[in-house]
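Report on the structure
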Amino acid sequence: MRRKWKKLAAIMTAAALAVTMAGCGGQNDGNSGSSSSEGAEVQGEVAAGESAQGSSTIYVEAASDPGNYQPSTRNAGATQVFLLNVYEGLFERAYSGEYEPLLAESYEWTDDTHMTIKLHDNIVTHAGDPVKAEDVLWSIQWAAESAEYSRHTTNIDFDNTKVVDDLTLELAIFEPNVFFLNDLSRIQITAKKTFEESEDNLINIANGTGPYKMTGHTEGVEVVLEKFEDYWDKDNTARDRQLQNFDKIVFKFISEAAQQTIELESGGVDILYDTPTNDLDSLRNNDEFEVFEYVTGQTVTMYFNSSENSVCNNQTLRQAIRTAIDNQAIVAAVYGGNARAATTIISPDNKEWSDDLAVQYPFDQDKAKQLLKDAGYAEGELTLKLATDDSNERKAIAEIIQAQLGQIGITVEINTYDAGSFNSLWGDNESWDMQINQFSALGSVLFYFNNQVNREKNVRGFWEDDAFQELLAPTIRDGNAENIMKLVDMFEEASPVCPLVNKTVYFTFRKGLTDYRIKNDANLIVNDVAVTDEASSWLYD
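First, a word on what this report is: a plain description of the structure on this page. Worth saying up front: this structure is predicted, and the values here are computed from it rather than measured.

Conventions we followed
Residues numbered from 1 in each chain as written. Predicted model: local features only at pLDDT ≥ 70, side-chain atom pairs only at ≥ 80, totals over all residues. Heavy atoms only, no water. Helix = DSSP H or I, 4+ residues; strand = E, 2+ residues; numbered from the N terminus. Buried < 20%, exposed > 50% of the residue type's maximum accessible area, 1.4 Å probe, protein only. Contact = heavy atoms within 4.5 Å. Areas by Shrake-Rupley, 256 points an atom, 1.4 Å probe, with all protein chains shown as cover. Phe/Tyr/Trp six-rings, centres within 6.5 Å; stacked < 30°, edge-to-face > 60°. Lys NZ or Arg CZ within 6 Å of the ring centre and 35° of its normal. Polar contact = N/O pair within 3.5 Å; in protein donor to acceptor, adjacent residues only side chain to side chain. Salt bridge = Lys/Arg side-chain N within 4 Å of Asp/Glu carboxyl O. Pairing = 2+ DSSP bridges. Right-handed = clockwise from strand over helix to strand, strands pointing away.

Here we take up the overall build of the protein. Tallying secondary structure elements over the protein gives 15 helices and 23 strands in all. Counting across all 541 residues of the protein, residues that qualify as buried make up 54%. The contacts in the protein between residues at least 6 apart in sequence include a share of 72% that link residues at least 24 apart. Carbon together with sulfur atoms contributes 45% to the accessible area of the protein, which is approximately 23300 Å² in total.

The next point concerns the packing of aromatic side chains. Each aromatic ring pair is described using two quantities: the centre-to-centre distance and the angle formed by the ring planes. In this structure the tally under the stated criterion is 24 aromatic pairs. For the pair Trp432 and Phe462, a centre-to-centre distance of 6.4 Å together with 40° between the ring planes defines the contact as tilted. Taken together, the positions of Trp432 in the loop between helix H12 (419-423) and strand S16 (434-440) and Phe462 in the loop between strand S18 (458-459) and helix H14 (466-478) put the pair 30 residues apart, joining distant regions of the chain. Here Phe468 and Phe491 contribute two aromatic rings whose centre-to-centre distance is 6.1 Å and whose plane-to-plane angle is 45°, an arrangement assigned as tilted. Remark: Phe491 occurs in helix H15 (residues 481-494) and Phe468 occurs in helix H14; sequence separation between them is 23 residues. Taking the relative accessible area as the measure of exposure, Phe491 reaches 2% and is therefore buried. An aromatic cluster is defined as three or more aromatic residues linked by ring pairs; in this entry it consists of Phe439, Tyr448, Phe449, Trp463, Phe468 and Phe491. For the cation-ring pair, Arg510 lies above Trp538, with the distance from its terminal atom to the ring centre recorded as 5.9 Å. Above the face of the Tyr95 ring, Arg517 is positioned so that its terminal group lies 3.8 Å from the ring centre.

Turning to the side chain of Glu352, a few remarks are in order. Relative to the assigned elements, Glu352 resides in the loop between strand S13 (340-341) and helix H10 (365-374). Of note is the side chain of Glu352, whose polar atom sits 3.0 Å from the backbone nitrogen of Val445. Aside from chain neighbours lying at most four places away, what touches Glu352 is Ile346, Leu357, Gly443, Ser444, Val445, Ile484 and Met485.

This paragraph deals with the pattern of salt bridges. Taken as a whole and assessed by the stated rule, the structure comprises 18 salt bridges. Among the salt bridges present, the one from Asp281 reaches Arg284, with a minimum N-O distance of 4.0 Å. Separated by 3 residues within a single helix, Asp281 and Arg284 lie in helix H7 (residues 280-284), roughly one turn from each other. Under the relative-accessibility criterion, Asp281 is labelled exposed at 54%. You can call Arg284 partly exposed: its relative accessible area is 38%. Between Arg455 and Glu464 there is a salt bridge, with the nearest N and O atoms lying 2.9 Å from each other. Salt bridges sharing partners connect three or more residues here, namely Asp129, Lys193 and Glu197.

Further remarks concern the pairing of strand S14 (residues 382-389). Regular strands place their side chains on alternate faces of the sheet. Where burial is concerned, most of S14 is hidden: 6 out of the 8 residues are buried. Relative to strand S15 (residues 410-417), S14 runs parallel, the two being bridged by 8 bridges. Bridge assignment links Ala387 to a residue of S15, and that residue is Asn415. The β-α-β motif built from S14, the intervening helix H11 (residues 392-406) and the parallel element S15 has right-handed crossover chirality. Note that S14 and S16 share 2 bridges and pair parallel. Across the sheet, Leu386 pairs through a bridge with Met434, a residue of S16.

Structure, rendered in structure tokens:
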């Protein structure tokens, strides 16, 4: 109803404007390129919030409610959809792919292991609390206690890190690392006072320094963000981004794929983050929408529990399972062919990629049965617990894997978790044998090794290999290309994960939005989407 009423109001406004112009006799004042500030039609892109039509509200689909909005706590993509508008880091990965200062006004490496950071002097949280160097240090220390974010702090030498003055922080690290700026960009900053004085330590309402403040959260229903008028960087026109293109952003939680498209077509949302692949053809042929395709560095992956608490600590068994899984069948059945079957831990977004990379474990059920026997297991002997979140996509993948492993004599028990419970499995080496998740490797497969199988940070899946770790440490320091490929070979042989699908994501936009751009981890920054006059019938309250 909201959309239909607004469209009708727009038509009535346009009619009234036409009558007014006719009453003026269409007089030309000799300056046809200009118009008065009242009743003027806006052409091309418009700055939301400046329109005479009222304030602008954009409705965006999100698949699930992460359940916790504290800084540096939830790292899943579904959470970042909201929090990238609310929280900021010392650095950001710009659209160029380079890391640039954000909350940091400037920085300097004084030697190989000491970085001096100078903050902007006008940063405040949405609660109005100033953000000083001691708050930044507190935010980093908070991240160090997080199961999801501690991996970004393990190289920080906290004993020798110090606050120099209100705006200056000296960070000490244990050793040089080519990914340290990325680590700092991930840590979400807020003021300690803001955190401690909130009723629930920001669990239900995030509070950071970003261009939007979170003003509402109805569990399982929606999150509401509103433009933060006191945003510290709102007057900066030099950055390659538009920070506040809407007055309000409402994220609506819609878990069912079919319902996502229905909500778009009925006017309930204006952007689909998770366009169902089954609906791509019809949406592409619908003049009301535009579908934006983006090939990502994300790989849907099945992780093995390689700890002593799971039979999957058997390398040959892991190889047998990889050989028994048909990735092409997963792409066809789950994604309708709108993705790429993964062939290796290297993704197409990585600099190490080439189109002629060999498939590491080609689908071969006879060979899989032999590997299962070599691993010491007879057909029908094993029952494995496969964990997944409650998204339709991953549940469908789990069912295909269940069927495929059943064909070589392995029984698979699927256990489905809500988003919050599923994230906790990374620290649990007893409740699962395999889990379906995904990773992002920005620019290089070394990014994945550094963040997910680095003993100094964390090892997702509890895989231990001394030789791998001994080679990884110097490679992280210098990025040596030859050593990266040696690491790839070691990793593929050990098979602590089973890459399944290199994802292509599809965002669908209602006509009137433009300049779609994607940042790291395939994230669309909603407030950076530009607006044209085509949006006048539905965007403004």
